[in-house]
Amino acid sequence: MAKPASPRSGQRRRMENFRKVRSEEAPVGGGAEGGGPGSSPFADLAPGAVHMRVKEGSKIRNLLAFATASMAQPATRAIVFSGCGRATTKTVTCAEILKRRLAGLHQVTRLRYRSVREVWQSLPPGPTPGQKPGEPAASLSVLKNVPSLAILLSKDALDPCQPGYQPPSSHPGPSSQTAAPASKRSLGEPAAGEGSSKRLQPEPSAAEEDQTA
């Protein structure tokens, strides 16, 4: 006896006839914890702070090039990287690389949820059940709650008691890394000048060999 199909399997079969057209953030309220596209979890940002919105298809090198150039200006005191859904991993990567490039940055991390509305449209091969011939393709709107991450990096000191605070971390400079090969060469390998001086010493001539004989 065959088992009845579950509601989830029937839903998956129905979604196979649709394709995702676009995805957009849906505002669900105001304030710092609202899911609106322009809302920010940091209410007391410094004037002139740069806001970098990281998306799933964003290029990390392009984001870091703009972020590094902006933070190099003395007037820019803070920068915020924010991303939701699959872009959260890329958001963390951008913040960590910038912290290595610019030492002494204070960090505050905020994790929340955003509402994302996905618009799906039926595939062209045939009309969906209940659709009359000649009618436009049916569309479906799905509302999802996805995790959203915002990372604040500031040149100025921040409140260390607030949740998500991380103090600046010290990283070894390039000078300590370049000094290692020189130390290894001085232990056992001869320097370039020493090898050349040994090669430049003249060999004894045939006349000198006869005199010594």
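The present account deals with the structure reproduced in this document. (Residues numbered from 1 in each chain as written. Predicted model: local features only at pLDDT ≥ 70, side-chain atom pairs only at ≥ 80, totals over all residues. Heavy atoms only, no water.)

By secondary structure assignment, the location of Arg 53 is in strand 2 (residues 50-53). Using a relative accessible area of 36% as the deciding quantity, one classes Arg 53 as partly exposed. Through-space distance from the C-alpha of Arg 53 to that of Phe 81 is 6.1 Å; in sequence the pair is 28 residues apart. (Helix = DSSP H or I, 4+ residues; strand = E, 2+ residues; numbered from the N terminus. Buried < 20%, exposed > 50% of the residue type's maximum accessible area, 1.4 Å probe, protein only.)

Along an α-helix, a turn takes 3.6 residues, which lines up residues three or four apart on a common side. For helix 3 (residues 88-101), spanning 14 residues, the distance from its first C-alpha to its last is 20 Å, which sits close to the expected 20 Å at 1.5 Å a residue. Of the surrounding elements, those touching the buried residues of helix 3 are helix 2 (60-71), strand 3 (78-84), strand 4 (106-122), strand 5 (139-154) and strand 6 (165-166). (Expected span 1.5 Å × (residues − 1). Contact = heavy atoms within 4.5 Å.)

Take the environment of Pro 47 next. As for its placement among the helices and strands, Pro 47 is situated in the loop between strand 1 (18-25) and strand 2. Spatially, the C-alpha atom of Pro 47 lies 8.9 Å from that of Ala 75, the residues being 28 residues apart in sequence.

Bringing the nonpolar core into the picture now. The nonpolar side chains of a soluble globular protein tend to be buried with one another. Counting 17 residues, the largest nonpolar core has Met 52, Ile 79, Phe 81, Leu 98 and Leu 153 as the members making the most contacts within it. Those elements that place two or more of their residues in this core are strand 2, helix 2, strand 3, helix 3 and strand 5. It is helix 2 that provides the largest number of residues to this core, a total of four residues. For Ile 79, the contacting residues outside a window of four places in its chain are Val 50, Met 52, Ala 67, Met 71, Leu 98, Ile 151, Leu 152 and Leu 153. (Core = buried A, V, L, I, M, F, W, Y, C linked by side-chain atoms within 4.5 Å.)

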